[in-house]
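One-letter residues, chain by chain:
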Amino acid sequence: MRSFYTLLNGGAFIIIVGLALSCNSPKENTAYRNFSITIRDSINIDHLDPLHLKGYDPESDNYLLSNAGIGIRQILRVNGNGAVIANFTIPEEGPNALLNPGSTGFLKDAIVIYDMEKGFVQLNPDHSIIPKAQVPYPHNYLFFPPHLPLIKQNGEEIYYLKPLVDEDFIDGMGEQFYRNYYNKPLLEKHNTNTNETRQFLEIPTQSIFKDGMNHGIYVPVIKNKGNDWLVSTWFDPYVFLFKENDEGITFEKTIDLQISGMINFQSVAMKNSEQFFNINEGKRAGNINVILFMDDYTLIVYRKGLTEEEQKEVKTNFPNQAEIEMEKRDAYYAVLLDKDYNVLDSNVKFPLGVHFPNVVNKDNKVVALKNPNLFDVEGNHVTLYKMELGFE
């Protein structure tokens, strides 16, 4: 999967801001207004190494951060003032060892880690690690999910991204694999008491992944609020709304995000599936990577990507700082939805230097890391930006 990580690093995992009228989100009639997101405050964390923001617990007002890069080996719990409450190192040997920890996040107030071998485990304040939940069969994900794949726990029921099994690789990663992969449900619910397992959230027919062509690997982003489930495939220009009811979780509608100028990977015929990554190597496609629920709105965070001509121009004019310059140009944007998931604004730009905005705190502020590589002055700490939604 090395080629896939290259594509993601180029266009996705290089792995929200405007004058607000008050300290809270706007609540007037917002029709025909231009929205903005403005930095209002920041939190400095006394830590030198790069970090990724992974989650937030509103009860304690604590933020969860991990080491940058692939795999989770260091986890920090930080309070609202930036003080490090706990600093965990995930060992590779001993009783608390995890061999392949790939994702972490808060589940309610608990720190949960997904490990390829041990499944979902809970990290305790005394640094011990105990089982939290387990996918009930041998499995794997094609990549370390950018968000914790354990989405919800309700008593004995756990909801998680449905992983793959050995039988899915019918012909390695050829035509039959992709035809099967594009028709698999994205979510699985397992009852740990009855051992019953059900699947939900099949990709709707409006998705690019249903047009009969090979579009590569989708990266599910799933957020739940009440009975609503919002789904992004990372590369579709849509978000899909599902509703939970007594029958399960059923498709409700496709939300066209009305994004202009998003760069796409070049699709290939299914029979030529093995060519997809070679054809798209070096492309920097746009992606829809985060879904955030606010008090009165939903933010869909995305990047538009860069054309091949734009990348070539950057590499020519900035040969020694090409990646930094591309990061500056490939900014983060948001689509703003109202409570009924109608698009209010599809082109709300985040400030320069914001990296992967993926938290809304208890004060209804959007929180993201500052990318220090985009600034000339080097700091001796990690900075979180607190941002406020407003309109003009």
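The sections below set out a description of the structure shown in this document. Not measured: the values here are computed from a predicted model.

### Section: the sheet that holds strand E2 (residues 51–57)
Backbone hydrogen bonds are what pair the strands of a sheet, in a parallel or an antiparallel way. Across the sheet, four strands lie side by side as E2-E3-E4-E5; this open sheet has antiparallel pairing. Of all the strands in the sheet, the pair left with one neighbour each is E2 and strand E5 (84–89). The mean inter-strand angle of the sheet, taken between neighbouring strand axes irrespective of direction, is 20°. Where strand E4 (residues 74–78) lies against E5, five bridges are found, and the strand directions are antiparallel. Each bridged residue has a counterpart across the sheet, and for Arg-77 the counterpart in E5 is Ala-86.

### Examining the sheet that holds strand E6 (residues 101–107)
With antiparallel pairing, four strands are arranged side by side in an open sheet as E6-E7-E8-E9. Here the strands that pair on one side only, and so sit at the sheet edges, are E6 and strand E9 (129–133). Neighbour-to-neighbour, the strand axes of the sheet open up by a mean angle of 35°, direction not taken into account. Here E6 pairs with strand E7 (residues 110–115) via six bridges, running antiparallel. In the strand pairing of E7, Phe-106 is matched with Ile-111.

### Digging into the pattern of salt bridges
In this structure the tally under the stated criterion is 20 salt bridges. Ionic pairing is found between Lys-184 and Asp-168, a salt bridge with its closest N-O pair at 3.2 Å. Linking Lys-184 in the loop between helix H2 (175–181) and strand E12 (185–191) with Asp-168 in the loop between strand E11 (157–161) and H2, this pair joins segments that are 16 residues apart in sequence. A single salt-bridge network, built from bridges that share partners, covers Arg-284, Arg-303, Glu-323, Glu-327 and Asp-330.

### Focus: the environment of Leu-53
Examined against the element boundaries, Leu-53 turns out to sit in strand E2. Residues Leu-53 and Tyr-63, ten residues apart in the sequence, show an inter-C-alpha distance of 7.5 Å. Beyond its immediate chain neighbours, meaning those up to four positions away, Leu-53 contacts Tyr-63, Leu-64, Leu-65, Asn-358, Val-359, Val-367, Ala-368, Leu-369 and Leu-384.

### So, the packing of aromatic side chains
Tallying each qualifying case throughout the model produces 21 aromatic pairs. Between Tyr-182 and Phe-209, the ring centres sit 5.1 Å apart and the planes meet at 65°, which makes this aromatic pair edge-to-face. Of the two residues, Tyr-182 is situated in the loop between H2 and E12 and Phe-209 in the loop between strand E13 (197–202) and strand E14 (213–214); the sequence distance between them amounts to 27 residues. Judged by its relative accessible area of 2%, Phe-209 falls in the buried class. Ring centres of Tyr-302 and Tyr-333 lie 5.6 Å apart, and the angle between their planes is 20°; this geometry places the pair in the stacked category. Highlighted residues: Tyr-302 in strand E21 (residues 298–306) and Tyr-333 in strand E22 (residues 332–337), separated in sequence by 31 residues. Tyr-333 carries the same exposure label as Tyr-302, and that label is buried. Chaining the aromatic ring pairs together yields one cluster made of Phe-169, Phe-177, Tyr-178, Tyr-181, Tyr-182, Phe-209 and Tyr-218. The cationic tip of Lys-152 hangs over the ring face of Tyr-159; the distance from NZ or CZ to the ring centre is 5.1 Å. The ring centre of Tyr-333 lies 4.5 Å from the NZ or CZ of Lys-304, which sits over that ring.

### Quick word on the pairing of strand E10 (residues 150–154)
In the sheet, E10 pairs with E11 via four bridges, with the strands oriented antiparallel. Opposite Gln-153, over in E11, you have Ile-158 as the bridge partner. The turn linking E10 back onto E11 is made up of two residues, and Gly-155 within it adopts a positive phi angle of 65°.

Quick notes on the rules
- Residues numbered from 1 in each chain as written.
- Predicted model: local features only at pLDDT ≥ 70, side-chain atom pairs only at ≥ 80, totals over all residues.
- Heavy atoms only, no water.
- Pairing = 2+ DSSP bridges.
- Helix = DSSP H or I, 4+ residues; strand = E, 2+ residues; numbered from the N terminus.
- Axes fitted to C-alpha atoms, helices over the stretch in contact; angles between N-to-C directions.
- Salt bridge = Lys/Arg side-chain N within 4 Å of Asp/Glu carboxyl O.
- Contact = heavy atoms within 4.5 Å.
- Phe/Tyr/Trp six-rings, centres within 6.5 Å; stacked < 30°, edge-to-face > 60°.
- Buried < 20%, exposed > 50% of the residue type's maximum accessible area, 1.4 Å probe, protein only.
- Lys NZ or Arg CZ within 6 Å of the ring centre and 35° of its normal.

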